[in-house]
Amino acid sequence: MQNTILRRAAQLLALFAMAVLGLFDVAQGLLSRSEPLGLAQIALAMAAAAVWLPAHRSGSTRLPNAALVLGGFSLLATFVIAASPTNGFAGGTSWGLAESAALLGVCYVLARHAPAGRAATALLVVGAAVSFMPLRAGQTYVYVIFGLIQALAAAAAIGLGIYLRIVEGSRQRAVDAVRAEQRAEFARDLHDFIAHHVTGIVVQAQGAKFIAEQDPQRVLHALDQIERAGAETMASMRRMVGVLRDPDSKPDAPLAPVAGVHDLAALLDQFNSAGGAKARMHLDGELDGLPVEVSTSAYRVVMEALTNVRQHAPAATAADVWIRRTPEWLLVRVANDGEVPTTPRDRPGYGLVGLTERVRAVGGRITAMPGIEGGWVVDAAFPIDPRTSE
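Residues numbered from 1 in each chain as written. Predicted model: local features only at pLDDT ≥ 70, side-chain atom pairs only at ≥ 80, totals over all residues. Heavy atoms only, no water.

Colleague: Whenever I open this one, the nonpolar core confuses me. Can you help?
Modeller: Grouped together as the largest cluster of nonpolar side chains are 35 residues, with contacts concentrated most on V301, V302, L306, I323, L330, V332 and F382. When residues of this core are traced back to their parent elements, those giving at least two are α8 (264-273), α9 (292-312), β2 (318-325), β3 (329-336), α10 (351-361) and β5 (376-383). At 9 residues, the largest contribution of residues to this core is made by α9. By size, the runner-up hydrophobic cluster in this structure holds 33 residues, among which are M18, A49, V51 and A154. (Core = buried A, V, L, I, M, F, W, Y, C linked by side-chain atoms within 4.5 Å. Buried < 20%, exposed > 50% of the residue type's maximum accessible area, 1.4 Å probe, protein only. Helix = DSSP H or I, 4+ residues; strand = E, 2+ residues; numbered from the N terminus.)

Colleague: Can you help me understand the pairing of β5 in this one?
Modeller: Remember that side chains alternate between the two faces of the sheet whenever the strand is regular. Where β3 and β5 come together, 8 bridges link them in antiparallel fashion. Bridge assignment links N336 to a residue of β5, and that residue is W376. With 6 bridges joining them, strand β4 (residues 365-370) and β5 adopt antiparallel strand pairing. When the sheet's bridge partners are listed, I366 is paired in β5 with A380. Connecting β4 to the next strand, β5, in antiparallel fashion are 5 residues, including G374 with a positive phi near 100°. (Pairing = 2+ DSSP bridges.)

Colleague: Looking at this structure, how should I read the sheet that holds β3?
Modeller: Across a sheet, paired strands are connected by hydrogen bonds in the backbone, their directions being either parallel or antiparallel. Strands sit in the order β1-β2-β3-β5-β4 across an open sheet of 5 strands; the sheet is mixed. Of all strands in the sheet, those with a lone pairing partner are β1 (278-284) and β4, marking the two edges. Between one strand and the next, the sheet's axes are offset by a mean angle of 10°, whatever the strand orientation. With 7 bridges connecting them, β2 and β3 associate as antiparallel partners. Bridging from a neighbouring strand, V321 pairs with V334 of β3. Sitting on the sheet, α8 touches β1 and β2, and the angle it makes with β1 is about 160°. Its contacts with the sheet place α9 against β1, β2, β3, β4 and β5, and it is angled at close to 10° to β3. (Axes fitted to C-alpha atoms, helices over the stretch in contact; angles between N-to-C directions. Contact = heavy atoms within 4.5 Å.)

Colleague: Can you walk me through the confidence of the model for the chain in this structure?
Modeller: Any residue range with low pLDDT should be treated as having predicted coordinates unsuitable for detailed reading. Scored by pLDDT, the chain has a mean of 79; 75% of the residues are at 70 or more. Within the chain, the lowest mean pLDDT, 67, falls on helix α7 (residues 216-245), and the highest, 93, falls on β3. In the model, residues 249-257 has pLDDT below 50 throughout and makes 13 contacts with residues more than four positions away in sequence or in other chains. (pLDDT = per-residue confidence, 0-100.)

Colleague: Would you take a moment to explain the packing of aromatic side chains for this structure?
Modeller: For any pair of aromatic rings, the description rests on two quantities: the centre-to-centre distance and the angle between the ring planes. The tally for this structure, following the rule as stated, stands at 2 aromatic pairs. For the pair W95 and F146, a centre-to-centre distance of 5.1 Å together with 45° between the ring planes defines the contact as tilted. Here F146 lies in helix α6 (residues 141-211) and W95 lies in the loop between α3 (62-83) and α4 (97-113), a separation of 51 residues in the sequence. Since its relative accessible area comes to 9%, W95 is described here as buried. (Phe/Tyr/Trp six-rings, centres within 6.5 Å; stacked < 30°, edge-to-face > 60°.)

Colleague: Please explain the packing of α8 against α9 as it appears in this structure.
Modeller: A packed helix pair is summarised by two numbers, namely the angle formed by the two axes and the spacing between the axes. Relative orientation of the contacting elements α8 and α9 amounts to 10°, with a least axis distance of 11 Å. Relative to α9, the element α8 is oriented roughly parallel. Here L264, L267, L268, F271 and N272 of α8 lie close against α9, whose contacting residues are Y299, V302, M303, L306, V309 and R310. (Parallel < 35°, antiparallel > 145°, perpendicular 65-115°, else oblique.)

Colleague: Help me out: how do you make sense of the pattern of salt bridges in this one?
Modeller: Pairs can form between side chains of opposite charge whenever their charged atoms are close. Enumeration according to the criterion identifies 5 salt bridges in this entry. For D320, the salt bridge is made with R280, and the minimal N-O distance between the two is 2.8 Å. One end of the pair, D320, is in strand β2; the other, R280, is in strand β1, and 40 residues separate them in sequence. (Salt bridge = Lys/Arg side-chain N within 4 Å of Asp/Glu carboxyl O.)

Colleague: Explain the side chain of S60 here, please?
Modeller: Tracing the backbone through its elements, the reader meets S60 in the loop between α2 (35-52) and α3. Given the relative accessible area of 18%, S60 is considered buried. Here the side chain of S60 touches L63 through a polar contact of 3.5 Å, landing on its backbone nitrogen. Contacts of S60, omitting those with residues within four sequence positions, involve H113, A114 and P115. (Polar contact = N/O pair within 3.5 Å; in protein donor to acceptor, adjacent residues only side chain to side chain.)

Colleague: Looking at this structure, how should I read the packing of α3 against helix α5 (residues 116-132)?
Modeller: Following both chains from N to C, one finds α3 and α5 inclined at 25°, their axes separated by 8 Å at the closest point. Between α3 and α5, the crossing angle belongs to the class labelled roughly parallel. Remark: the crossing between α3 and α5 carries left-handed chirality. Facing α3, whose interface residues are P64, N65, A67, L68, G71, G72, S74, L75 and T78, α5 presents R118, T121, A122, V125, V126, A128, A129 and F132. (Left-handed = near helix turned anticlockwise from the far one by under 90°.)

Colleague: How should I be thinking about a nonpolar patch on the surface in this particular structure?
Modeller: A grouping of V69, F73, L76, F79 and V80 is seen on the molecular surface, where their side chains present a nonpolar patch of about 510 Å² in accessible area. Tracing the backbone through its elements, the reader meets F79 in helix α3. What makes F79 exposed here is its relative accessible area of 59%. (Patch = residues over 30% accessible without salt bridge, like charges linked within 9 Å, V, L, I, M, F, W, Y side chains within 5 Å. Areas by Shrake-Rupley, 256 points an atom, 1.4 Å probe, with all protein chains shown as cover.)

Colleague: Honestly, the pairing of β1 in this entry has me stumped. Any pointers?
Modeller: Of the pairings in the sheet, the one linking β1 to β2 comprises 7 bridges and is parallel in character. From the neighbouring strand, M281 faces β2, where its bridge partner is V321. For the segment spanning β1, α9 and β2, crossover handedness is left-handed. (Right-handed = clockwise from strand over helix to strand, strands pointing away.)

Have a look at this one:
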């Protein structure tokens, strides 16, 4: 809104300045040489203002076409007036300062918004029109110097437009890079959250089948948990898929993960409520003051490791989670006592790939391998800058 108001104010100011220059042109005898030619120059100034004053989108194809037509007519007018027998008969006659100013604005918007290929041709024509325009008032060295001055002004307008175009392009590339990284982050989050919830739903559904006849009341409890997990899964999926589909949207979900190491207790409770292997937490050190990116990444390591326990170690009876804080490192280990799979999976997993990218992004290391005493062990180490954790 504020940008729109500022743009409207700038347009009104530019129109006022052109009106002042137009009155100066008339006062300096723009119509005294030939009234039809003078009116034609006024019309060209108005046409030039109509080309450069409106807001233009980057890559506009209409802009260079309109500029080419405008520049061509301006050059034609210059040739006709300069070749006229009465050219230069009245000293101090204006050559059209309002039109010159408007064409400089056209040079700027061409360099700023027009496609590169078409912009070059249009800039050549419009730049020539600006440079030769003082010759309408005469061919003496004074008007040649004025022509050089206007050529320099055109070069300055083109340079300003190119500079702002480069700045905007760099900013847009940076925004696109951040947006792509953000969408990849949401894709990883989608896997982490949804896989964790869906795995719990599957485990609870399998358990409910075995206890349906012996204890119907426990089946109802399992169904309640399945319903809650399904609702959370659908809510997460709607938010994240919405962001992946429309990167310009402003979702109600935060743009960065909010779960950290302080939420691990709730994660383990949810894991244990699904039945099967029991997860146990072991803490060593103070967890307050951790950098956000380290805390959230550690949480995701534990979540992915517990999800893999459900999916790939159904015989496991325990999953131990160790979190250790040292002055320079946060160490995370998740180990289970299940059997190590000896056959390859029928489909590749993306959880560990995304997890590795996440850990490396914060300067950490992660390994996943069979344990010395059996089972599977996931180790992650995150560097901590003491200055950021005070």
